[in-house]
Amino acid sequence: MGDAVVGIIGMGDMGKMYAKRISNAGWRVHACDVREKHTALKAEFADNSNVSILDNGHLVARSSDWIMYSVEAKNINAVVAAYGPSTKWGAIVGGQTSTKAPEIAAFEQHLPEDVQIVSCHSLHGPGVNPKGQPLVIIKHRATQQSVELVETILSCMESKFVPLSAEMHDRITADTQAVTHAAFLSMGAAWQANNQFPWELPRYIGGIENVKINLMMRIYSNKWHVYAGLAILNPAARAQIRQYATSVTELFKLMQGHHRKEFTQRVHAARAAVFGEPRKDDEELLLQDELLDKFSLGEKPASRVKNNHLSLLAIVDCWWHLKINPYDHMICSTPLFRLWLGITEYVYRNPDLLDECIDTAIEDDTFRGDDVEFTIAARDWSERVSLGNMEGYRQRFEMIQKYFEPRFGEANKVGNEMIRTIEEGLRSKKKV
Ligand SMILES: NC(=O)C1=CN([C@@H]2O[C@H](COP(=O)(O)OP(=O)(O)OC[C@H]3O[C@@H](n4cnc5c(N)ncnc54)[C@H](OP(=O)(O)O)[C@@H]3O)[C@@H](O)[C@H]2O)C=CC1
Ligand SMILES: O=C(O)C(=O)Cc1ccc(O)cc1
């Protein structure tokens, strides 16, 4: 390996994953976290002679050639303000935060002018194998040679490099990640508000219901700051999340008023805009229902309970209103987004199933209580995001997280298996 030293400031889940892979590839890594975690971190990496745990970010910054900040997006400005001026002369700096606007602003404000900026973002969580996953590379203020050094270092991830500007990155991740999370956060909030564990209810077991539950559990088992940062600090995300809440509310009102004609026209117009022509017989879908049946947290009932799939109808309505073509973003998508698009496509490209959703939405009032709570939750998340209310976001997220916590261990096992199996299927169809 080359002589370059890789610096990592922030050794949480992502920082550690990077440190392990980069050091295993033979690079020297200088890393640090906050003072309270120093001793534990030193012990954890004691056997890894390529990783040196240093006392603080000044020591990392002054001794490394590419320094990656892997801290909370909400802290990036303060952390770069503290250590940025200590950056080694002529070094390259980047970040792993999920939203690039605040990260780049912090770099521009606090880094000396001789320092180059090449940033990155792995579009997956720390538990997912990075091989083949998109890894965004942002050449913001750097020579091509410096970009190549960063790419050489990161080649050990075996990910797919996606070169983007910081602005494009934020626009795409607002379309893909932020609005997807809003849907799953709202599902969890609605189930908690109704005091339901969905895997105990026949309505929510089997096929695409399993995907909804597993992804909801995945999000709530992660850290609140990741999702709050993505939604609140990304200047492009608010409008998307607001449109999702508006779509949910307007569709709900049509359902509630039994306005079949208007509801059907709206669903069909959105389908035409997002999915185009009806599917031909030989055209494959991203997902298959039978496969999804395997990944359940509960016992499958004898017969399927119909669902109006308000959450899915609303996302397609939202894409239609915002003129988003979700397939355009596959190159820069997360596993979670691909699954979300997969179940949406499954419903919309199956005319019988979509008709069943419309009939259920208009005629079946059995689950109106669930739909009301889902609508309220979508509006509530959107309000918190629009107000930039980090603390309000944290409180609600952690309250719901506590409710589902007892099943996170099992849910993550099933969810990881589900993602692995489905991703392999997608890859073999060359859709990823
Ligand atoms: N988790 C995920 O799925 C993904 C996350 N990301 C992004 O990566 C970044 C890191 O995420 P993740 O690893 O999950 O989060 P973590 O909370 O696990 O890690 C962040 C770490 O940075 C530490 N930190 C904060 N301030 C400093 C400082 N001044 N000096 C040194 N360390 C500091 C934190 O300590 P403390 O807890 O005390 O603040 C924490 O240990 C985030 O910006 C996130 O958006 C990107 C892709 C996926
Ligand atoms: O796939 C998702 O959307 C996740 O929830 C995991 C995740 C979270 C934050 C990121 O910046 C990238 C991936």
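Quantities reported herein were computed from a predicted structural model and do not represent experimental measurements.

### With respect to the sheet that holds strand E5 (residues 92-95)
Taken in spatial order, the 8 strands make up an open sheet running E3-E2-E1-E4-E5-E6-E7-E8, and their pairing is mixed. Here the strands that pair on one side only, and so sit at the sheet edges, are strand E3 (51-53) and strand E8 (160-163). Going across the sheet, the axis of each strand differs from the next one's by a mean of 25°, ignoring polarity. Where strand E4 (residues 66-69) and E5 come together, 4 bridges link them in parallel fashion. Each bridged residue has a counterpart across the sheet, and for Ile 67 the counterpart in E5 is Val 93.

### Examining the site of ligand 1
Near ligand 1 there are 26 residues, and of these Asp 33, Val 71, Glu 72, Ser 98 and Lys 223 occur at the shortest range. Here an oxygen atom of ligand 1 sits 2.9 Å away from a polar atom, N or O, in the main chain of Met 14. One of the side-chain nitrogen or oxygen atoms of Lys 223 is found 2.6 Å away from an oxygen atom of ligand 1. Protein chains bury 86% of the 890 Å² of accessible surface belonging to ligand 1 in isolation. In the shell around ligand 1, the residues fall into 9 nonpolar, 12 polar and 5 charged. Composition of the shell around ligand 1 by domain shows at least three residues from each of domain 1 (5-164) and domain 2 (168-430).

### Quick word on unusual backbone geometry
Even without a glycine there, the phi angle at Glu 158 is positive, about 60°. Assignment of secondary structure puts Glu 158 in the loop between helix H6 (144-154) and E8. Overall, Glu 158 belongs to the partly exposed group, its relative accessible area being 47%. Not every positive phi belongs to a glycine, and His 309 is a case in point at roughly 50°. When you line up the elements, His 309 lands in the loop between helix H12 (289-292) and helix H13 (310-322).

### What about the domain arrangement of the chain?
Splitting the chain by domain gives domain 1 (5-164) and domain 2 (168-430). For domain 1 and domain 2, the distance between their C-alpha centroids amounts to 32 Å. Counting from both sides, the interface comprises 21 residues of domain 1 and, opposite them, 25 residues of domain 2. Both sides together, the interface formed by domain 1 and domain 2 hides about 1,700 Å², and carbon and sulfur atoms give 65% of it. Joining domain 1 to domain 2, the criterion identifies 1 salt bridge. Of the charged contacts, one joins Asp 13 and Lys 223 as a salt bridge, the two residues approaching to 2.6 Å between their closest N and O atoms. In this structure, the connection of domain 1 to domain 2 is made through 6 residue pairs in polar contact (both at pLDDT 80 or more). Of all the elements in the fold, those that place two or more residues in the side of domain 1 that touches domain 2 are helix H5 (100-110) and strand E7 (134-141).

### Comments concerning the site of ligand 2
As a structural note, the neighbourhood of ligand 2 is formed by Ser 98, His 121, Ser 122, His 124, Gly 125, Gln 177, His 181, Val 226, Tyr 227, Leu 230, Thr 334 and Leu 336. One of the side-chain N or O atoms of Ser 98 is found 2.6 Å from an oxygen atom in ligand 2. Within the contact set of ligand 2, an oxygen atom lies 2.8 Å away from a side-chain nitrogen or oxygen of His 181. In isolation ligand 2 has 330 Å² of accessible area, and contact with the protein removes 92% of it. Taken together, the elements giving at least two residues each to the shell around ligand 2 come down to strand E6 (116-122), helix H7 (166-193) and helix H9 (224-232). For the shell around ligand 2, the element with the highest residue contribution is H9, accounting for 3 residues.

### Digging into H13
Its 13 residues give H13 an end-to-end C-alpha distance of 18 Å, which sits within 8% of 18 Å, the value for a rise of 1.5 Å per residue. Of all 13 residues making up H13, 10 are buried, and the element is well covered by its neighbours. Within H13 the residues assigned to the buried category are Leu 310, Ser 311, Leu 312, Leu 313, Ala 314, Ile 315, Val 316, Asp 317, Cys 318 and Trp 319. Positive phi appears at Lys 323, one or two residues downstream of H13, with a value of about 55°.

What counts and what doesn't
Residues numbered from 1 in each chain as written. Chains lettered and ligands numbered in written order. Predicted model: local features only at pLDDT ≥ 70, side-chain atom pairs only at ≥ 80, totals over all residues. Heavy atoms only, no water. Pairing = 2+ DSSP bridges. Helix = DSSP H or I, 4+ residues; strand = E, 2+ residues; numbered from the N terminus. Axes fitted to C-alpha atoms, helices over the stretch in contact; angles between N-to-C directions. Near = heavy atom within 4 Å. Polar contact = N/O pair within 3.5 Å; in protein donor to acceptor, adjacent residues only side chain to side chain. Areas by Shrake-Rupley, 256 points an atom, 1.4 Å probe, with all protein chains shown as cover. Nonpolar A, V, L, I, M, F, W, Y, C, P; charged D, E, K, R; others polar. Domains from an automatic or database assignment. Buried < 20%, exposed > 50% of the residue type's maximum accessible area, 1.4 Å probe, protein only. Contact = heavy atoms within 4.5 Å. Buried area = accessible area lost by both parts, 1.4 Å probe. Salt bridge = Lys/Arg side-chain N within 4 Å of Asp/Glu carboxyl O. Expected span 1.5 Å × (residues − 1).

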